[in-house]
Amino acid sequence: QVQLVECGGGLVQAGGSLRLSCGASGRTFSSYAMAWFRQTPGKEREFVATIRWSVGSTYYADSVKGRFTISGDNAKNMVYLQMNSLKPEDTAVYYCAADRDYSSRYYYAVEYDYWGQGTQVTVSS
């Protein structure tokens, strides 16, 4: 069992930056592939980025590539999402997720086993 808690959301102007943090408790953090998703009202949860510890790889949605960076610290059981050059369309609730099976379908929310409660990010124009 893994418990995930996100923090770091808030209100920022377009062009600004925010750093989201996700803390995990439970099993060894590095046993899970970790990801960030986001969701706006009336829409499905959307993949943002993932970090795959076992192969040392990161993957991003095209919409955030070059602006967002996912990173982690296994010793602290933390994963981060640095968001730069924020746009109004980045406004959403951001969720941290953990996948115990390292699914190749990392962009599908259904592949993830554990979720945090979400943190709101609002980008004003």
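Just so you know, the residues in each chain are numbered from 1, in the order the chain's sequence is written. Selection of residues for local features in this predicted model requires a pLDDT of at least 70, selection of side-chain atom pairs for listing and counting requires 80 or more, and totals for whole chains, interfaces and linings are taken over all residues. Neither water nor hydrogens contribute to the side-chain values; these are computed over all heavy atoms in the structure.

Asker: Teacher, can you tell me more about the sheet that holds strand β3 (residues 18–26) here?
Answerer: Two strands in a sheet stick together by hydrogen bonds in their backbones, pointing the same way (parallel) or opposite ways (antiparallel). Two strands make a pair as long as DSSP finds a minimum of two bridges between them. Numbering of helices and strands starts at the N terminus; helices are DSSP runs of H or I of at least 4 residues and strands are runs of E of at least 2. The antiparallel open sheet is built from four strands, whose spatial order is β1-β3-β8-β7. The open sheet terminates on both sides in strands that have one partner only, identified here as β1 (2–7) and β7 (68–73). With direction set aside, neighbouring strand axes in the sheet form an average angle of 15 degrees. Angles run from 0 to 180 degrees between N-to-C directions of axes, and those axes are lines fitted to C-alpha atoms, restricted for helices to the stretch in contact.

Asker: Looking at this model, I keep getting lost on the nonpolar core. Mind explaining?
Answerer: Looking at soluble globular proteins, one finds that nonpolar side chains tend to be buried together. Nine residue types can take part in a nonpolar core, namely buried Ala, Val, Leu, Ile, Met, Phe, Trp, Tyr and Cys, and a core is a set of them joined through side-chain atoms within 4.5 Å. The rule is simple: take the accessible area with a 1.4 Å probe, protein chains only, and divide by the maximum for that residue type; under 20% is buried, over 50% is exposed, in between is partly exposed. The biggest cluster of nonpolar side chains holds 36 residues, and the ones touching the most others in it are Leu 4, Met 34, Trp 36, Val 79, Leu 81, Met 83 and Tyr 94. For this core, the secondary-structure elements that each account for two or more residues are β1, β3, β4 (33–39), β5 (46–52), β7, β8 (78–83), β9 (92–99) and β11 (119–124). The residues contacting Val 79, other than those within four sequence positions of it, are Leu 20, Ser 21, Cys 22, Phe 29, Met 34, Trp 36, Ile 51, Ile 70, Ser 71, Gly 72 and Cys 96. Only heavy atoms matter for contacts: two residues are in contact if any of them lie within 4.5 Å across the pair.

Asker: Teacher, can you tell me more about unusual backbone geometry here?
Answerer: For residues that are not glycine, phi is negative in most cases, and the peptide bond is trans in most cases. Even without glycine at this site, Asn 77 takes up a positive phi of about 55 degrees. Along the chain, the position of Asn 77 falls in the loop between β7 and β8. The residue Ser 85 is not glycine, and still its phi comes out positive at about 50 degrees. With respect to the helices, strands and loops of the structure, Ser 85 is situated in the loop between β8 and β9. By relative accessible area, which is 42% here, Ser 85 ends up partly exposed.

Any functional reading would require information that these geometric values do not contain.
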